[in-house]
Amino acid sequence: MFVHNKKEGHHLKQYTIPALDVSAGVEAKAYVDTLTKPIGSLGKLEEIVITLAEIQGRKQPSINRLGVLVFAADHGIVEEGISAFPQLVTRQMVQNMAVGGAAINVFSRQQQAEFSLVDVGVMGESFSAPVKDRKIRQGSENFLRTEAMTQEEVEKALEIGYEEAMALFEKGVDFLVVGEVGIGNTTTSSAVVAAITGLDPEELVGYGTGISSKQHLHKITVVREALALHQPNSSDGYDVLRKVGGLELAAMVGAMLAAASKRVPIILDGFISTAAACVAETISQGATGYMLLGHQSMEPGHQKAFQYLGKEPILSLSMRLGEGTGAAVAFSIIQSAVLMINEMATFESAGVSGKN
Ligand SMILES: O=C(O)c1ccc[n+]([C@@H]2O[C@H](COP(=O)([O-])O)[C@@H](O)[C@H]2O)c1
Ligand SMILES: Cc1cc2nc[nH]c2cc1C
């Protein structure tokens, strides 16, 4: 569906998010309470499975196949000296991921996931298969000087993200991790989360890939000045992405909206992924109802962003890699929760006595 956007004078795609199935959640809770364990004794696993029941709209949630969808892009803001690594590392890590050597490849294999790697904006030539070539442009602009991208580029990135997620669903994927690689993208994510939450950049900006304390102070200034220059509209994700966003971030938003529209659960990863979730919620209210948070990243802005969304992390392993790694590791816990509701005996079926 497309609706007319008065300001831009053209039609903006509408991503329709179904309501969560609250009654399926209630049924799941009642059923979990009949299983052979004291009520509530499986703690967060019980909460996870109830959330999944609401998302999938059935009492007993199931998982066919995990999809891991990684978007890669470069960031013009890297010119400002805000990362510990050179921009070329984005390209090199895409090459590494293409041959299966990155951490996310290892965890994707462990989870028997369908892995998909999409270039939406890496500097330099296009990659060959298995990298999907959907390059919109070579990196975003330096948003300390000018807007990161155009409205058209934002919409294109969202659409690519949407299409790439849908392509995975057609292959039988019914659970999704949305990951990324992009040198500089913790600066971009800080600007995006500050724009949406209104929090001070000082509370959000972290050390990313491992910058010095001097660089950290500079990174805060960069984000603060960029926000003062562009004054993004906190309730308009398109405006935020255009002014201070990134190409992979925008594609991640599109993939998340695709999943939510199809009732496919999404596992959020670290700071970048959660920043994309904040944007997705401004574009289609209710989208974050389809998201579980895999882990808590060491990046300070991550905690602020997930608290803003009202999420709690499944794992806290001091990870700060990105790529979707924390989400992929958390998938094991989610699988345990799903097995629990599908395979445990009830007090009645097992002939176990109830509480006195
Ligand atoms: O997911 C996170 O919370 C996270 C925290 C720190 C760094 N990263 C990864 O590191 C890169 C961005 O770090 P930086 O310092 O270049 O902004 C990018 O490729 C991310 O995948 C990711
Ligand atoms: C080596 C390396 C691997 C990464 N994976 C995601 N972001 C990354 C950043 C660096 C620097």
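Residues numbered from 1 in each chain as written. Chains lettered and ligands numbered in written order. Predicted model: local features only at pLDDT ≥ 70, side-chain atom pairs only at ≥ 80, totals over all residues.

**Comments concerning the overall build of the chain**
(1) Moving on: Summing up its helical and strand segments, the chain has 14 helices and 9 strands in all.
(2) Moving on: For the chain, the C-alpha radius of gyration of 20 Å lies close to 21 Å, the compact-globule estimate for 356 residues.
(3) Moving on: Taken along the three principal axes of its C-alpha coordinates, the chain extends 70 × 45 × 40 Å.
(4) Moving on: The buried share among the 356 residues of the chain stands at 53%.
(5) Moving on: Pairs at least 24 residues apart make up 75% of the contacts formed inside the chain by residues separated by at least 6 positions. (Helix = DSSP H or I, 4+ residues; strand = E, 2+ residues; numbered from the N terminus. Rg over C-alpha atoms; globule rule 2.2 N^0.38 Å. Buried ≥ 20, exposed ≤ 12 C-beta atoms within 10 Å, placed from the backbone. Contact = placed C-beta atoms within 7 Å.)

**Concerning helix 10 (residues 247-261)**
(1) Moving on: For helix 10, built from 15 residues, the straight-helix expectation of 21 Å at 1.5 Å per residue is met to within 8% by its first-to-last C-alpha distance of 21 Å.
(2) Moving on: When you tally the buried positions in helix 10, you get 14 out of 15 residues, the bulk of the element.
(3) Moving on: Remark: Arg263 follows helix 10 within two positions and exhibits a positive phi of approximately 60°. (Expected span 1.5 Å × (residues − 1).)

**Some remarks on the site of ligand 1**
(1) Moving on: Lining the immediate surroundings of ligand 1 are 24 residues, of which Ser83, Gly208, Gly270, Ser297 and Gly322 lie closest.
(2) Moving on: No other element matches the 3 residues that helix 6 (residues 185-197) contributes to the shell around ligand 1.
(3) Moving on: Residue composition of the shell around ligand 1, by class: 7 nonpolar, 12 polar and 5 charged. (Near = placed C-beta within 6 Å. Nonpolar A, V, L, I, M, F, W, Y, C, P; charged D, E, K, R; others polar.)

**What about the domain arrangement of the chain?**
(1) Moving on: As far as domains go, the chain holds domain 1 (13-61 + 341-350) and domain 2 (66-333).
(2) Moving on: In this assembly, 13 residues from domain 1 lie in contact with 13 residues from domain 2.
(3) Moving on: The dominant element in the side of domain 1 that touches domain 2, judged by the number of residues it contributes, is helix 2 (residues 43-56), at 5 residues.
(4) Moving on: Grouping the amino acids of the side of domain 1 that touches domain 2 by side-chain chemistry returns 8 nonpolar, 4 polar and 1 charged. (Domains from an automatic or database assignment.)

**Let's talk about the UniProt feature "active site" (unreviewed entry) in the chain**
(1) Moving on: When the UniProt feature table is mapped onto this chain numbering, "active site" (unreviewed entry) sits at Glu323.
(2) Moving on: If sequence neighbours within four positions are ignored, Glu323 has contacts with Val70, Ala102, Ala103, Ile104, Gly179, Glu180 and Val181. (UniProt positions renumbered as here; feature names shortened; annotations may be inferred.)

**Section: the nonpolar core**
(1) Moving on: The biggest cluster of nonpolar side chains holds 110 residues, and the ones touching the most others in it are Val192, Val253, Met256 and Val279.
(2) Moving on: Among the elements that take part in this core, helix 10 stands out by supplying 12 residues, more than any other.
(3) Moving on: When residues of this core are assigned to domains, at least three fall in each of domain 1 (13-61 + 341-350) and domain 2 (66-333).
(4) Moving on: Each residue touching Val192, except ones within four places of it in the same chain, is listed here: Val240, Val244, Gly245, Leu249, Ala275, Cys278 and Val279. (Core = buried A, V, L, I, M, F, W, Y, C linked by C-beta atoms within 7 Å.)

**Topic: the packing of helix 4 (residues 103-110) against helix 13 (residues 325-343)**
(1) Moving on: The N-to-C vectors of helix 4 and helix 13 enclose an angle of 20°; their axes lie 9 Å apart at closest approach. The angle between the axes of helix 4 and helix 13 places the two elements in the roughly parallel class. Here helix 4 and helix 13 pass one another in a crossing that is left-handed. Contacts from Ala103, Ile104, Phe107 and Ser108 of helix 4 reach helix 13 at Thr325, Ala328 and Val329. (Axes fitted to C-alpha atoms, helices over the stretch in contact; angles between N-to-C directions. Parallel < 35°, antiparallel > 145°, perpendicular 65-115°, else oblique. Left-handed = near helix turned anticlockwise from the far one by under 90°.)

**Comments concerning the pairing of strand 6 (residues 175-181)**
(1) Moving on: Among the 7 residues that make up strand 6, 7 are buried, leaving the element largely enclosed by the rest of the structure.
(2) Moving on: On strand 6, burial covers both faces: Phe175, Val177, Gly179 and Val181 on one face and Leu176, Val178 and Glu180 on the other are all buried.
(3) Moving on: Where strand 3 (residues 66-73) meets strand 6, 7 bridges bridge the pair, whose relative direction is parallel. Bridging from a neighbouring strand, Ala72 pairs with Val181 of strand 6.
(4) Moving on: In this sheet, strand 7 (residues 266-268) lies alongside strand 6 in parallel orientation, the contact comprising 2 bridges. Looking across to strand 7, one finds that Val177 is bridged to Ile267. (Pairing = 2+ DSSP bridges.)

**Some remarks on the pairing of strand 4 (residues 114-121)**
(1) Moving on: Most of strand 4 sits inside the fold, with 7 of its 8 residues counted as buried.
(2) Moving on: Pairing between strand 3 and strand 4: 7 bridges, direction parallel. Within strand 4, the residue paired with Phe71 across the bridge is Val118.
(3) Moving on: As defined by bridge partners, strand 4 adjoins strand 5 (residues 132-133) across 2 bridges and the pair is classed as parallel. Paired with Val118 across the strands is Lys132, a residue of strand 5.

**With respect to the sheet that holds strand 6**
Strand pairing within a sheet occurs via backbone hydrogen bonds; the two strands may be parallel or antiparallel.
(1) Moving on: What the 7 strands build is an open sheet, ordered 5-4-3-6-7-8-9; its pairing is parallel. Single-partner strands in this sheet number two, and they are strand 5 and strand 9 (313-315).
(2) Moving on: Its contacts with the sheet place helix 10 against strand 3, strand 4, strand 6 and strand 7, and it is angled at close to 155° to strand 3.
(3) Moving on: Packing of helix 11 (residues 271-283) onto the sheet brings it into contact with strand 6, strand 7 and strand 8 (291-295), and relative to strand 6 it is tilted by some 115°.

**Quick word on helix 5 (residues 151-170)**
Each α-helix winds once per 3.6 residues, and so residues spaced three or four apart point in a common direction.
(1) Moving on: Taking 1.5 Å per residue, 20 residues should reach 28 Å; helix 5 reaches 29 Å between its end C-alpha atoms and fits that length.
(2) Moving on: For helix 5, the full list of buried residues reads Glu153, Val154, Glu155, Lys156, Ala157, Leu158, Ile160, Gly161, Tyr162, Glu164, Ala165 and Leu168.
(3) Moving on: In this fold, the buried residues of helix 5 make contact with strand 3, strand 4, strand 5, strand 6, helix 9 (237-244) and helix 10.

**Some points on the environment of Tyr308**
(1) Moving on: Relative to the helices and strands, Tyr308 is located in helix 12 (residues 300-309).
(2) Moving on: For Tyr308, a count of 18 C-beta atoms within 10 Å puts it in the partly exposed group.
(3) Moving on: Spatially, the C-alpha atoms of Tyr308 and Gly182 are 24 Å apart, while their sequence positions differ by 126 residues.

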